Amino acid sequence: MPADIRLTLPQVSVRLLPFLIVAWTRASLAIVIPGFIATFDLSIAEAGWVVMGIEIGSFATMIGLAFAMDRLGAGRVMAWGLPTLGLALLATSLATTTSLLPVFLLTIGAGIALSASASNTLMASTGKRRTVYLGWLHMSFSGFSLVVPLVAGYIVAAYDWQTFYRILAVIAILILLGYRAVEGTNPCQVTTDARMQGAGEALRRNLAIYLGVFFLVGVQGILMSWSYMYAVDRYGVGHAAASVAPASMWLGVLAGRAANIAAGRRFALKTIMVASCLLTMIAFMAEYLVSSYWATLAAFAGVGFGVSGAFQHGTAWSSERTPSEVGAASTFVMAAAALGVGVWPWLVGLAADAFGFASMTPVAMAGLALALASFAAAGPAPRRQAGVGEAAGQE
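Rules used in this analysis
- Residues numbered from 1 in each chain as written.
- Predicted model: local features only at pLDDT ≥ 70, side-chain atom pairs only at ≥ 80, totals over all residues.
- Heavy atoms only, no water.
- Helix = DSSP H or I, 4+ residues; strand = E, 2+ residues; numbered from the N terminus.
- Contact = heavy atoms within 4.5 Å.
- Expected span 1.5 Å × (residues − 1).
- Buried < 20%, exposed > 50% of the residue type's maximum accessible area, 1.4 Å probe, protein only.
- Salt bridge = Lys/Arg side-chain N within 4 Å of Asp/Glu carboxyl O.

### What to know about the environment of Ala 113
Then comes step 1: Examined against the element boundaries, Ala 113 turns out to sit in helix 7 (residues 101–124).
Then comes step 2: Considering only alpha carbons, one finds Ala 113 and Val 147, 34 residues apart in sequence, at a separation of 22 Å.
Then comes step 3: With sequence-adjacent residues up to four places away left out, Ala 113 is seen in contact with Ser 58, Thr 61, Met 62 and Leu 65.

### Structural notes on helix 13 (residues 293–307)
Because an α-helix packs 3.6 residues into every turn, residues spaced three or four apart end up facing the same way.
Then comes step 1: Taking 1.5 Å of rise per residue, the 15 residues of helix 13 would be expected to cover 21 Å, and the 21 Å separating its terminal C-alpha atoms lies within 8% of that figure.
Then comes step 2: Of the residues making up helix 13, those classed as buried are Tyr 293, Thr 296, Leu 297, Ala 299, Phe 300, Val 303, Gly 304, Gly 306 and Val 307.

### Thoughts on the pattern of salt bridges
Then comes step 1: Applying the stated criterion across every chain yields a total of three salt bridges.
Then comes step 2: Of the charged contacts in the structure, one is a salt bridge between Arg 26 and Glu 55, with a shortest N-O distance of 2.7 Å. Linking Arg 26 in helix 2 (residues 18–27) with Glu 55 in helix 4 (residues 44–66), this pair joins segments that are 29 residues apart in sequence. Both residues of the pair, Arg 26 and Glu 55, count as buried.

### So, the environment of Ser 318
Then comes step 1: Relative to the helices and strands, Ser 318 is located in helix 14 (residues 310–321).
Then comes step 2: Given a relative accessible area of 0%, Ser 318 falls into the buried group.
Then comes step 3: Along the primary structure Ser 318 and Met 281 are separated by 37 residues, whereas in three dimensions their C-alpha atoms are 24 Å apart.
Then comes step 4: Sequence-distant contacts of Ser 318, that is, excluding residues within four places in its chain, are made with Asn 206, Ile 209, Tyr 210, Ala 329 and Val 333.

Structure, rendered in structure tokens:
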């Protein structure tokens, strides 16, 4: 088992803050997609490719990182990721035609992958404290994401989506400066548990976990991308009310990730993830059966609570199963999530274009059924002695 690493408050802060820009980029998609549709004259199906373009770039980058993170070091990856993301957001905001838009979207995805994977690996490399630090990391993502639909909604209504992206570009550079000030100016800093011994072993042993994350986070991506337009289409609400739909999901995610820190100390990770799938299915079924906007907001919060543990427990679970390949294991989790966030909203976009947004729930339920099967098939984490933030007898 790797050494127990205690981080200082400044170290925790600068490892959390990159998730702010990642969260604000991803969680604002439901708000900015209508702007993309208007600016570039896109159909609903074509708008789904906005999300897909970002996530293809993110997934491709993360696959490469899974085989290279432990060689490069998370510090170097962070030094590349934040400026890449900032410049890509700025370039996208200046685009007036779709000619270069795919390149900009792919680069946004690459910047997200570099920044998020570095943060995730830095937190996963803290030995027995990883479940606590990963919990803080992904809870902070939820907190950042909770407010962004409201902030983005205000900025987009008062100005436009381009202004919002330019603000994010500036924030990305400021976060990079803060990270370098605390962690040092050496971008080659290596903070992972060990050099890569073979990412293929992490992939082989944890494939079912990664598939489960792909499906479960994909369902989260559906609400991230389409909850705003779903609310407008089904209930005819205005911009302000529709902006609350993604925010309600993120409120559930925030509450869930706080609860998951405690749950990870008491229950087996496999048990938690199977229960999470079942809870999310119940929330979607309730939303489908109760035709009320307020009930939908409550159901979306329930969905958020259910999907909330995918990142932190998926990372902890796979890292425990392959402790010598933490960088590869954690990055494969991020890659699976990125692919899910791209594929499942795209599928809903196709379905909505053909059958309307009522098709969102059946697509999501299919993804949840597959997530449940994948987590049920995955092997348990090894038993270990209780550490800081972890339970004895963890499966």
